[in-house]
Amino acid sequence: MTKTALRKAYKSKRQGLSEKELEDASLAIANAALQLPIWEARYYHIFLPISRQLEVNTEYLLHILQGKDKSVVVSKSKFEDASLTHILLEDHTRIKVNPWGIPEPEDGIEIPANKLDVVFVPLLAYDKQGNRLGYGKGFYDRFLAQCKSEVIKIGLSFFAAEDEIPHSDTDIPLDYCISPEHTYKF
């Protein structure tokens, strides 16, 4: 299947999930993350879900991170050059939904990408080799290329892995992907 066809298929699969299924699956994903060997790290990057895209609700993971007193970082998008800046999430951080539906911090303390230890990555589809398919703008591939080589990249998905998806040399593979039923290690 082409990237375009996969994007369409997975957006449709998400649309087929009820609100309860989305929440139950998001909670199962957060609980599965507790089993990963990642909890000694300091800086955790998490995406805030785009509700109209029916992304994994990362609020559950966020509560776990805050309960473990971890430094949580969220992104702010720059559409002019398809880049992300990374802002430390603090109690007083104001989150605002941008025109593309992405919840983002209005301002705050910037954390360089190379300081991050763990990155939770949004995706539409992924395969058994850890290749991921996003929305096609390349924000996360550019961002992950700026991270240190040992950063742990964890995809979050409602669905199982494909056998193989199209990918290129600039795509950065995941280390793990968590679905409600299975955690994949690549």
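You'll find the structure just up there.
Residues numbered from 1 in each chain as written. Predicted model: local features only at pLDDT ≥ 70, side-chain atom pairs only at ≥ 80, totals over all residues. Heavy atoms only, no water.

1. A word on unusual backbone geometry
Reasoning step 1: Of note, D69 is a non-glycine position whose phi angle comes to about 60°, a positive value.
Reasoning step 2: Within the element layout of this structure, D69 appears in the loop between α3 (59-67) and β2 (71-78).
Reasoning step 3: Unusually for a residue other than glycine, A82 sits at a positive phi of about 55°.
Reasoning step 4: Along the polypeptide, A82 turns up in the loop between β2 and β3 (83-88). (Helix = DSSP H or I, 4+ residues; strand = E, 2+ residues; numbered from the N terminus.)

2. Looking at empty space enclosed by the protein
Gaps left between atoms show up when a probe the size of a water molecule is rolled over them.
Reasoning step 1: Counted by the stated rule, this structure contains 1 cavity of 30 Å³ or more.
Reasoning step 2: Roughly 40 Å³ of volume is contained in the largest cavity.
Reasoning step 3: Taken together, Y10, R14, V56, L123, L124, L156, S157, F158 and F159 form the lining of the largest cavity.
Reasoning step 4: Here the lining of the largest cavity is composed, by residue class, of 7 nonpolar, 1 polar and 1 charged. (1 Å grid on protein atoms, 1.4 Å probe; cavity = no way out; pocket = protein on both sides within 12 Å on 5 of 7 lines; lining within 4 Å. Points joined across faces, edges and corners; volume = space filled by probe spheres on them. Nonpolar A, V, L, I, M, F, W, Y, C, P; charged D, E, K, R; others polar.)

3. Looking at α3
Reasoning step 1: Buried within α3 are the following residues: L61, L62, I64 and L65. For α3, the arc enclosing every buried residue in end-on projection is 160°, short of the 170-degree limit, so these residues lie on one face.
Reasoning step 2: Phi turns positive, to about 60°, at D69, one or two residues after α3. (Buried < 20%, exposed > 50% of the residue type's maximum accessible area, 1.4 Å probe, protein only. Arc of directions from axis to C-beta.)

4. Quick look at the pairing of β3
Reasoning step 1: Counting buried residues along β3, 6 of its 6 residues qualify, which places the element largely inside the surrounding structure.
Reasoning step 2: With burial as the criterion, each face of β3 is covered, one bearing S83, T85 and I87 and the other bearing L84, H86 and L88.
Reasoning step 3: Pairing of β2 with β3 involves 6 bridges; the strand directions are antiparallel. By the bridge assignment for β3, S77 is matched with L84.
Reasoning step 4: Two successive antiparallel strands, β2 and β3, enclose a turn made up of 4 residues, where A82 displays a positive phi of approximately 55°. (Pairing = 2+ DSSP bridges.)

5. So, the pairing of strand β9 (residues 152-156)
Reasoning step 1: The buried count for β9 comes to 4 of 5 residues, which makes it a mostly enclosed element.
Reasoning step 2: The pairing of β9 with strand β10 (residues 176-178) spans 3 bridges and is classified as parallel. From the neighbouring strand, L156 faces β10, where its bridge partner is I178.

6. Here's the deal with the pattern of salt bridges
Reasoning step 1: Following the criterion strictly, the structure yields 8 salt bridges and no others.
Reasoning step 2: The closest approach of N and O atoms between K3 and D171, which form a salt bridge, is 3.8 Å. With K3 in helix α1 (residues 3-15) and D171 in the loop between β9 and β10, this residue pair connects regions lying 168 residues apart in the sequence.
Reasoning step 3: Overall, the relative accessible area of 15% leaves D171 in the buried class.
Reasoning step 4: Across the pair K78 and D81 runs a salt bridge, and its minimum N-O distance is 3.9 Å.
Reasoning step 5: Overall, K78 belongs to the partly exposed group, its relative accessible area being 35%.
Reasoning step 6: Here D81 falls in the partly exposed class, since its relative accessible area comes to 41%. (Salt bridge = Lys/Arg side-chain N within 4 Å of Asp/Glu carboxyl O.)

7. Topic: the packing of aromatic side chains
Reasoning step 1: Under the defined criterion, the tally for this structure stands at 8 aromatic pairs.
Reasoning step 2: Centroid distance F158 to F159: 6.3 Å. Interplanar angle 75°. Geometry classified as edge-to-face.
Reasoning step 3: Each residue in the set Y10, F158 and F159 is aromatic and connected to the rest through ring pairs, giving one cluster.
Reasoning step 4: When the ring centre of F159 is taken as origin, the NZ or CZ atom of K13, which lies over that ring, is 4.5 Å away. (Phe/Tyr/Trp six-rings, centres within 6.5 Å; stacked < 30°, edge-to-face > 60°. Lys NZ or Arg CZ within 6 Å of the ring centre and 35° of its normal.)

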